[in-house]
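These are the residues of each chain, in order.
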Amino acid sequence: MKKDANIDSPLQSLISFNKLMEQYDLLAKSDNDFIAKNAQYIIDAQAPYPELRDGFADASLLKKHEEIIKTMLQDSFSEVLTNNEIKTASLPYNNIVFNSSKRFQKIIENAGPDFVPQMREMSEQEMYVVPCVVILNFYYGFNLDFKRPFFYDIPDTNGVMKHYRILYNADFIEMLPTERAKELTQDDVDELLEDFDNLELWKEKIPPNSFISKGFVISNMFDVTAEHTISKIKSSLIANDKWGSDNFMGELHETFKSFFNLQDIHVGFTAYNTKEEQFEKVHGTGMTSVILQDNETASCEQTLCPDSYKTLLEDSSYFAISDVDKYYEMYNGMSPYKNLKKEGYKSAIYAPIANKGKLLGVLELTSTKKGELNSVNANKLDDIMPYIVTAVLRSKIEEENLIDAIIQHECTSVHSSVYWKFEEEAKRFIKDGLQDQNPSFREIVFKDVSPLYGQIDIKDSSKAHNVAIQRDLMIQLTDVNSLLQKAFDTNALPIYEELIYRVNSHIDTIKETLHTNSEQSIFNFVVDEINPVFEHLKKEDANMAELIADYESGIDENTKSYYDHRKNYDESVMIINKKLASLIDKKQEESQAMFPHYFERYKTDGVEHNMYIGGAIAGDRNYAPIYLNNLRLWQLQVMCDMENTHYALKPELAVPLDVASLILVHNTSLSIRFRMDEKRFDVDGTYNARYEIIKKRIDKSFVKGTNERLTQTGKMVIVYSQKSDELEYLRYIKFLKSKGYFTGKVEIVELEGLQSIAGLKAIRAEILYKKDQTSKKTYTYEDLMEELKA
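Residues numbered from 1 in each chain as written. Predicted model: local features only at pLDDT ≥ 70, side-chain atom pairs only at ≥ 80, totals over all residues. Heavy atoms only, no water.

## Some details on the overall build of the chain
Now for step 1: What the chain contains, in helices and strands, is 28 helices and 25 strands.
Now for step 2: Here the analysis covers contacts within the chain between residues at least 6 apart in sequence; of these, 67% occur between residues at least 24 apart.
Now for step 3: Surface exposure of the chain reaches about 40,200 Å², of which carbon and sulfur atoms provide 47%. (Helix = DSSP H or I, 4+ residues; strand = E, 2+ residues; numbered from the N terminus. Contact = heavy atoms within 4.5 Å. Areas by Shrake-Rupley, 256 points an atom, 1.4 Å probe, with all protein chains shown as cover.)

This is the structure in C-alpha cells:
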C-alpha cells in the first residue's frame, strides 16, 4: 500500500530497528549458548551504525545498510523458508519494502515490471482513520476495534488474478508524539466514534504528522485465491439475479480463471427442460453454449453420446474430456465431441446442475489447450456447484425458500431462538441484491447477553482409554508370542527366538504403564516385522496357517489390530453421550417455552452445553433478570437429571465409566458474534474472552492448597467469583434438596489460580440419586454404588 505524498497522514515514518535490537539485547543474556552468541553477533554487527537504532527518514540509507539489515533480519526471514513464505519488512502504510522473501519477490516479478501492489478498497478517509485508531489504542490507551482483513490482488505471470490476505506484525513499532499531538479525553473519543465519516473531525483531534511511527512492520501474506473465488461465486450467484446483466459473464470468466488457475478457460450454460427432455438456451449478455451453439433447443440424443448422457442425466456426475481430438477420432466425430472440435476446444468439463437427482442445466467449462481441464480438477467444482444450483433454482422458488437457502449456504443450521435475526439479515441481503447494492451477509451480533455453561464430563476418560488400549495390546502380543513359540518349537530358527524376545520386551514395557508412543511403536512392530513372518509361515505350514488365520480373525478391519477393549470403551462413551444429549435436548424444548434463549451442546468425552439469554436474543419479548434466574435453576435441575440418567445407565455399560458435573457462573453480560468461518457463535471482545479461557481450563483445576481435583463423582460443582452468585445458588440447592435432588451436604472451596485467572470459588453439593425412574428411594453416590453392586 503506497502512501501518496498528497494524502495527509497522522504519522511520520521513521525507519528504526531499535525494538528489534532490544529483543537481541535480551537474547544475548540467554542461558542457551547458541542463541546468546547469535544475538551478540547481530548486536556487534549493528553497533557501528547507531542510526539503525536511532531511526532515519532518508530511505536511501536502506540501500547503504542493505547487508547489515539482512543480517539483523536473518531470524525473521529464514533462508530455509524463503521460497515458501510470502513475507516482507516495510514501513507501515507505505510501499517501501526493504526486505522480503524470495517467494514474494517472485510474485511481484511475475506481476510485471510496472506493478505496484495496492491494498484493496482503502479509501483516502480510511488511509487516515486506520492509523488514527492505532494511535488511539497504542498511545492513548483506548480500546477501539477497527480490525478488518487486508488483501492484495496480484496477477500471476499468465494474468490470472491471485488474492493474498495480509497479516501485520507490529512488534517492532514505537509510537512517539510530536509537538502537534493533542491531549484527548473520553469525550473527544466519543465524538470520533459518533462521526466516523467526518475526516476533518479526525484531523482536528489527531492532526497530520502529530505522531512518529518509529520502526517497521513485518507482513505475512497467504494465498486465499480459492477461498476468495468461492466466496465471490457464492455471493454473485446466490445473492443476485444477474443472469441478464451486462458484466455477469465477464466477471464469471475472470473468477473461474482464478479458481482453476488457468488463463485459457471459457464458461457457458445451458438449461434443461425436464418435461420436454431437451436442452434450452439461457438468454443473457455473454451467455454461450457449446452444446447448443446457435440453436435455441436441442434434444439429448442430438447433443450427447451414451456415456455423456448417463454421466450427466443419470449419475449427476461431471463429464470430463481431457483430449477432445482423441475422443473425436475414437467416437467417429459424434456429439458432444463434434461441437467442441468445431469450436477449437481441446479439453472440457460438463458439470450437471442438478437438484435432488433432477437435471436443471449444464455448466460448460472449455479450454483450447489439451489436458488443462480433466477429471482431476473437475472435483474442484464440488465447492461451488451447490451455489450454482441455488442460483438456477432462484427463479423457481418462493422468497421464503430463498431465505432458507441463503441462511443454509452462509451460516449452516441456526438455532430457533436466533433464527429471526438471520431471517432479517437474509431479507436485507435479497433487497440489496435487487437494488444492485453489492450485498454481503453481515455478521450477526447479540449484545448484553448472559452466558450459562455446563458440562458432564466422563471421569478419568484418558486413563480408561489407555487401560483399554493396554489390555488389547497385551492380549494381541500374548497371542503373537504363542504363535512364534509354536513356530520356534517346529523349526528352531534363532530369528524366531529374537522376535519372541522383542515381543516379551514390548509386553514388559506396557505391563505397568502405557507410554505415549507405545501403541504406535507396537503397531509398527507387528505390521512391519510380525505380519511378514506370519505370511511366510502360512505358506510353509498348514497347521500354522490355521492358527494364524484364527489370530487374524481377531484383527479389526479399521484399526488393523485387536480392538475388543477399546471397542467397549468407545461404545460406552458413545452410549453415555447419546443418552445425555438426548435428555438435555428434550428438556431444552421445554425451557424454550419459558423464555427463548440460545442453546448449543456438543459431545466430547461427555456432554457440554452453552446457553445465552438476554433482550437482544428475545426479539420482541420483554426480558427481565428473573428469566436468567429461572434458566440457572432449570440448568441445575436438568444436570441433576442427567447425573441420575447416567447412573441408571452405568450397569448396562461394557466399561462402567463415571461422570463428574460442573456449572460455570458468569456474573456479567457479554456479547456474542456468529463466526462465519467457524459457523458458530463465540464471545466477542478481548475481555469477554476470559470467560472462554475459564471454560477450557476449569475442569482440570484443583482445590487451593491441595492436590484434590475440583470435580468429583457424586457432586455438582458450581464455579463462581461473586458472593451474590454464591448466595443465589445456595438458595437453589436448598430448594432442590426439598425436591430430592441434593442431600444438603455442601462445601465451599477456593480454586487454585489458573493461568492469568484468580479469585474463583466453587460450591460442591452432594447429589441424591434414584436407582430407577420409578423408585422413590434416594441414595448418595456411595450408597448407590453399593446398591448397584448388591
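## Notes on the sheet that holds strand β8 (residues 217-223)
Now for step 1: As summarised here, the arrangement of the 5 strands in space is β3-β2-β8-β5-β4, forming an open sheet in which the pairing is antiparallel. Looking along the sheet, the strands with just one partner apiece sit at the ends: β3 (97-100) and β4 (150-155). Averaged over all adjacent pairs, the angle separating strand axes in this sheet is 30°, with direction ignored.
Now for step 2: Across the sheet, helix α6 (residues 102-111) is in contact with β2 (86-90), β3, β4, β5 (161-169) and β8; its angle to β4 comes to roughly 55°. (Pairing = 2+ DSSP bridges. Axes fitted to C-alpha atoms, helices over the stretch in contact; angles between N-to-C directions.)

## Here's the deal with the environment of histidine 515
Now for step 1: Mapped onto the elements, histidine 515 comes out in the loop between α20 (494-512) and α21 (518-540).
Now for step 2: Considered as a pair, histidine 515 and asparagine 466 are 49 residues apart in the sequence and their alpha carbons are 9.0 Å apart.

## Notes on the packing of aromatic side chains
Now for step 1: Summed over the entire model, instances satisfying the criterion amount to 23 aromatic pairs.
Now for step 2: Note on phenylalanine 595 and tyrosine 623: the rings are 5.7 Å apart at their centroids and 55° apart in plane angle, and the pair reads as tilted. Within this pair, whereas phenylalanine 595 is found in the loop between α23 (564-594) and β16 (598-604), its partner tyrosine 623 is found in the loop between α24 (615-618) and α25 (625-649), the two being separated by 28 residues in sequence.
Now for step 3: Overall, phenylalanine 595 belongs to the buried group, its relative accessible area being 3%.
Now for step 4: Owing to a relative accessible area of 29%, tyrosine 623 belongs among the partly exposed residues under this scheme.
Now for step 5: Here the aromatic residues Phe17, Phe98, Phe172 and Phe216 are joined through ring pairs into a cluster of three or more.
Now for step 6: The ring of phenylalanine 702 carries arginine 709 above its face, with NZ or CZ at 5.9 Å from the centroid. (Phe/Tyr/Trp six-rings, centres within 6.5 Å; stacked < 30°, edge-to-face > 60°. Buried < 20%, exposed > 50% of the residue type's maximum accessible area, 1.4 Å probe, protein only. Lys NZ or Arg CZ within 6 Å of the ring centre and 35° of its normal.)

## Observations regarding the pattern of salt bridges
Now for step 1: By the definition in use, this model includes 33 salt bridges.
Now for step 2: Residue lysine 70 is joined to glutamate 66 by a salt bridge in which the shortest nitrogen-to-oxygen separation is 4.0 Å. A residue pair is termed a helical-turn pair when its members lie 3 or 4 positions apart in one helix, as lysine 70 and glutamate 66 do in helix α5 (residues 66-72) at 4 residues.
Now for step 3: Given a relative accessible area of 28%, glutamate 66 falls into the partly exposed group.
Now for step 4: Residues glutamate 519 and arginine 566 are paired through a salt bridge, measuring 2.8 Å at the closest nitrogen-oxygen approach. Here the residue glutamate 519 occupies a position in helix α21, and arginine 566 occupies one in helix α23, the gap between them amounting to 47 residues.
Now for step 5: Glutamate 519 gets classed as partly exposed once you look at its relative accessible area, which sits at 30%.
Now for step 6: Judged by its relative accessible area of 7%, arginine 566 is buried.
Now for step 7: In the salt-bridge network here, residues are joined through shared partners; they are Glu708, Lys715, Glu747 and Arg764. (Salt bridge = Lys/Arg side-chain N within 4 Å of Asp/Glu carboxyl O.)

## Some details on the sheet that holds strand β6 (residues 173-177)
Now for step 1: Within the open sheet, the 3 strands sit side by side as β1-β7-β6. Their pairing is mixed. A single partner strand is all that each edge strand has here, and the edge strands are β1 (11-15) and β6. Sheet twist, expressed as the mean angle between neighbouring strand axes with direction ignored, is 25°.
Now for step 2: Of the strand pairs in this sheet, β1 and strand β7 (residues 211-215) are connected by 5 bridges, and their pairing is parallel. Bridge pairing links leucine 11 to phenylalanine 211 in β7.

## Quick word on the side chain of serine 16
Now for step 1: For serine 16, the location among the structural elements is in the loop between β1 and α1 (18-27).
Now for step 2: Assessed through its relative accessible area of 1%, serine 16 is described here as buried.
Now for step 3: Among the polar contacts listed, one links the side chain of serine 16 to the backbone nitrogen of asparagine 18, at a separation of 3.1 Å.
Now for step 4: Not counting residues within four places of it along the chain, the set of residues in contact with serine 16 comprises Leu52, Arg53, Gly55, Lys214, Gly215 and Phe216. (Polar contact = N/O pair within 3.5 Å; in protein donor to acceptor, adjacent residues only side chain to side chain.)

## Quick word on the packing of α25 against helix α27 (residues 723-738)
Now for step 1: α27 packs onto α25 with a crossing angle of 55° between their chain directions and a minimal axis gap of 11 Å. The orientation of α25 relative to α27 falls into the category oblique. In the packing of α25 onto α27, the handedness of the crossing is right-handed. Residues Asn629, Arg632, Leu633, Gln635, Leu636 and Gln637 of α25 lie in contact with α27, whose contacting residues are Asp725, Glu728, Tyr729, Tyr732, Ile733, Phe735 and Leu736.
Now for step 2: When grouped by side-chain class, the residues that make up the contact of α25 with α27 number 7 nonpolar, 3 polar and 3 charged. (Parallel < 35°, antiparallel > 145°, perpendicular 65-115°, else oblique. Left-handed = near helix turned anticlockwise from the far one by under 90°. Nonpolar A, V, L, I, M, F, W, Y, C, P; charged D, E, K, R; others polar.)

## A closer look at unusual backbone geometry
Now for step 1: Cis geometry is adopted by the peptide bond preceding proline 336, which originates at serine 335 and carries an omega value of 5°.
Now for step 2: Position of proline 336 among the secondary structure elements: in the loop between α14 (324-330) and α15 (337-342).
Now for step 3: Unusually for a residue other than glycine, lysine 356 sits at a positive phi of about 55°.
Now for step 4: Residue placement: lysine 356 occurs in the loop between β13 (347-355) and β14 (358-367).
Now for step 5: With relative accessibility at 80%, the residue lysine 356 sits in the exposed group.
Now for step 6: Despite not being glycine, aspartate 460 has its phi angle at roughly 55°, a positive value.

Without other data, these values stay purely geometric and don't point to any function.
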